[in-house]
Amino acid sequence: MKYKPVQNYIKGEFTNSSSTRKLDVISPLDGNKLSEVPMSSATDLDEAVRAAKAVFPHWSKTPIKERVQVFFRYKYLLEKNLQELAELCSEENGKTIGESIAEIEKCIELTEFATSLPQLVTGEILEVSRGVECRTEHVPLGVVASIVPFNFPAMVPCWTLPNAIALGNCMIMKPSEKVPLCVGKLAELLKEAGLPDGVFNVVHGDVEIVEAICDHPDIQAVSFVGSTKVAKIIYQRATSNYKRCLALGGAKNHLMVLPDAIPGMTAQNVAASMSGCAGQRCMAASAMIAVGNVDSIIDKICDEARKIIPGKNLGAVINKESKERIEKYITEAEKDGAKILVDGRNTKVEGKENGTYVGPTVIDYVKPEMSVAKEEIFGPVISIMRTNTVDEALAIENANPYGNAASVFTQNGGAARYIIDHASAGMIGVNVGVPVPREPFSFGGWNESKFGVGDITGKSSIEFWTKLKKSTIKWNAEAGVNWMS
Ligand code: NAD
């Protein structure tokens, strides 16, 4: 085991869980055991919530300009520790080192946004009638929780923690049990940056701890990022306990290619979008709709896909079960009559035989009713469907229950505008394969890709992490009240 057992982080200290239940942390890169992670109990959560609740009066009353100083220092520490964090991220998640560096760079950008919050949360003031003014201010909620998935061990935690904490909340983070290592390092850096003990806490675990978070009377808000199946459970449970909840779910992103698309650029973008992070991105292109004759572009996509080599510029998928599930989807599509143009099944990387790799896979002549067309595969696989018109393509995109992203590749501005208007997704790309809005724009899908109001990052997150206080004020000088008596 490469690292010592993972511990919870409560009140500024790494502490053992009260539970003896634990899971192995396995590197998808080579199958080696990295560590063990405790499956904490509700008692551990209770201790973390008590620590967070105790420091909340102090932290929430610290002026925001002072609070964000922690994040200026944290940003510098992320930069300083970029390589170490990236290596940890790659080891536990299986993505390439280049992708992991990009992930930590994104953490830095997210933190940079948090340092700008004082400029964005100024309230409003207006004299609403003679001598009477109304004013508003954003007030932190209290103890809040963030439950995160395996596919971005550092970035998704950084979607929530800098903004929620800079806005004056105290946080309990529940990392994915598959990738618990990066968050521990982030906790260390926050402490080094001067964050008071108890403001940020980490409780590791699985279903038991998530349910305890949703039920805990002293947790005011729950943010969740993960699959749609679990997002629905969390959203229902947290809101039935009268908590604020924003739950981001899974995705099936459609990418429409029109005959006038620039072939080389389109092929590179499609191949990169479907295979980046081994296809384990909620923004990955998973279904492509070829509108009209784009056969020469499909040939180029296959050429690009063949340049993507597992173990070199393609990482591993998270575990054996995931590899088997992805390969089963490909086999099922083949049986149902689709054509496998590039086949990533049975991939082995020399010297890393226990790694869980799936090669890039391009499947053509997929029908909308096939499972590879409808379901989230979460692997480096693209399913190509063919239509004659943009409206037919949009009908397929609109019929899918998710709504994270959709993209179009074209040189026709009118067609692009039409697709922006009619696609049923929260984030749209035009000649962009992974249309993640960068800060200060917010991240969030539609339909079954998100439950709750608002987005998780950017300016929109301010509404989620704060409540608005409205004061109506009249100074009555004539009353002559002596407030000091
Ligand atoms: P997951 O839903 O299995 O797990 C997410 C979190 O929920 C983990 O912390 C896990 O411990 C916990 N959990 C799992 N099952 C649970 C249950 N039954 N009850 C309570 N808690 C439970 O997701 P994952 O496999 O870690 O991540 C991949 C999924 O996340 C994909 O569907 C992907 O699209 C999605 N995702 C979405 C976004 C987005 O922005 N919409 C971003 C990243 C990932």
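Residues numbered from 1 in each chain as written. Predicted model: local features only at pLDDT ≥ 70, side-chain atom pairs only at ≥ 80, totals over all residues. Heavy atoms only, no water.

When you look at the overall build of the protein chain in this model, what are you seeing that I'm missing?
Looking only at helices and strands, the protein chain has 16 helices and 20 strands in total. For a compact globule of 485 residues, the expected C-alpha radius of gyration is about 23 Å, and the protein chain comes in at 24 Å, within 12% of that figure. Projecting the C-alpha coordinates of the protein chain onto the three principal axes gives extents of approximately 85 × 60 × 40 Å. Within the protein chain, the proportion of its 485 residues that are buried is 58%. (Helix = DSSP H or I, 4+ residues; strand = E, 2+ residues; numbered from the N terminus. Rg over C-alpha atoms; globule rule 2.2 N^0.38 Å. Buried < 20%, exposed > 50% of the residue type's maximum accessible area, 1.4 Å probe, protein only.)

Explain the site of the ligand here, please?
Residues in contact with the ligand amount to 27 residues; listed here are only the nearest, Lys174, Glu177, Ser227, Gly249 and Glu376. Residue lysine 174 places a side-chain N or O atom 2.7 Å away from an oxygen atom belonging to the ligand. A distance of 2.7 Å separates a nitrogen atom of the ligand from a polar backbone atom of glycine 249. For the ligand, whose free accessible area comes to 840 Å², the fraction covered by protein is 89%. Going through the elements one at a time, helix H8 (207–215) and strand S10 (221–225) are the ones with two or more residues in the shell around the ligand. (Near = heavy atom within 4 Å. Polar contact = N/O pair within 3.5 Å; in protein donor to acceptor, adjacent residues only side chain to side chain. Areas by Shrake-Rupley, 256 points an atom, 1.4 Å probe, with all protein chains shown as cover.)

Even after reading the chapter, I still don't get the sheet that holds strand S6 (residues 132–140), so can you show me in this structure?
What holds strands together in a sheet is hydrogen bonding between their backbones, with the strands either parallel or antiparallel. The sheet built from 3 strands is open, its strands ordered S5-S6-S20 with antiparallel pairing. This sheet does not close on itself; its edge strands, each paired only once, are strand S5 (125–129) and strand S20 (466–474). Mean inter-strand twist for the sheet, computed between neighbouring axes without regard to direction, equals 30°. Of the pairings in the sheet, the one linking S6 to S20 comprises 9 bridges and is antiparallel in character. (Pairing = 2+ DSSP bridges. Axes fitted to C-alpha atoms, helices over the stretch in contact; angles between N-to-C directions.)

What should I look at first to understand the domain arrangement of the protein chain in this one?
In many analyses, interface size is given as the accessible surface area lost on bringing the parts together. Looking at the protein chain, the domain boundaries give domain 1 (8–249 + 449–470) and domain 2 (253–430). With 17 residues of domain 1 at the interface, the matching set in domain 2 holds 22 residues. Of the roughly 1,500 Å² buried where domain 1 meets domain 2, counting both sides, 59% is carbon and sulfur surface. When the area that domain 1 buries against domain 2 is broken down by residue, the three leading residues are Pro28, Phe150 and Ser449, summing to 31%. Put simply, domain 1 and domain 2 have 0 salt bridges between them. In this assembly, domain 1 and domain 2 are joined by 7 residue pairs in polar contact (both at pLDDT 80 or more). Looking at the side of domain 1 that touches domain 2 residue by residue, the class counts come to 5 nonpolar, 7 polar and 5 charged. (Domains from an automatic or database assignment. Contact = heavy atoms within 4.5 Å. Buried area = accessible area lost by both parts, 1.4 Å probe. Salt bridge = Lys/Arg side-chain N within 4 Å of Asp/Glu carboxyl O. Nonpolar A, V, L, I, M, F, W, Y, C, P; charged D, E, K, R; others polar.)

Help me understand the pairing of S10 in this model?
Every other side chain in a regular strand lies on the same face of the sheet, so the side chains alternate between the two faces. In terms of residue burial, S10 counts as a mostly covered element, since 5 of its 5 residues are buried. Residues Ala221, Ser223 and Val225 line one face of S10 and the alternating positions Val222 and Phe224 line the opposite face, and both faces are buried. Pairing analysis gives 4 bridges linking strand S7 (residues 143–147) to S10, with the strands arranged parallel. Of the residues in S10, the one forming a bridge with isoleucine 147 is phenylalanine 224.

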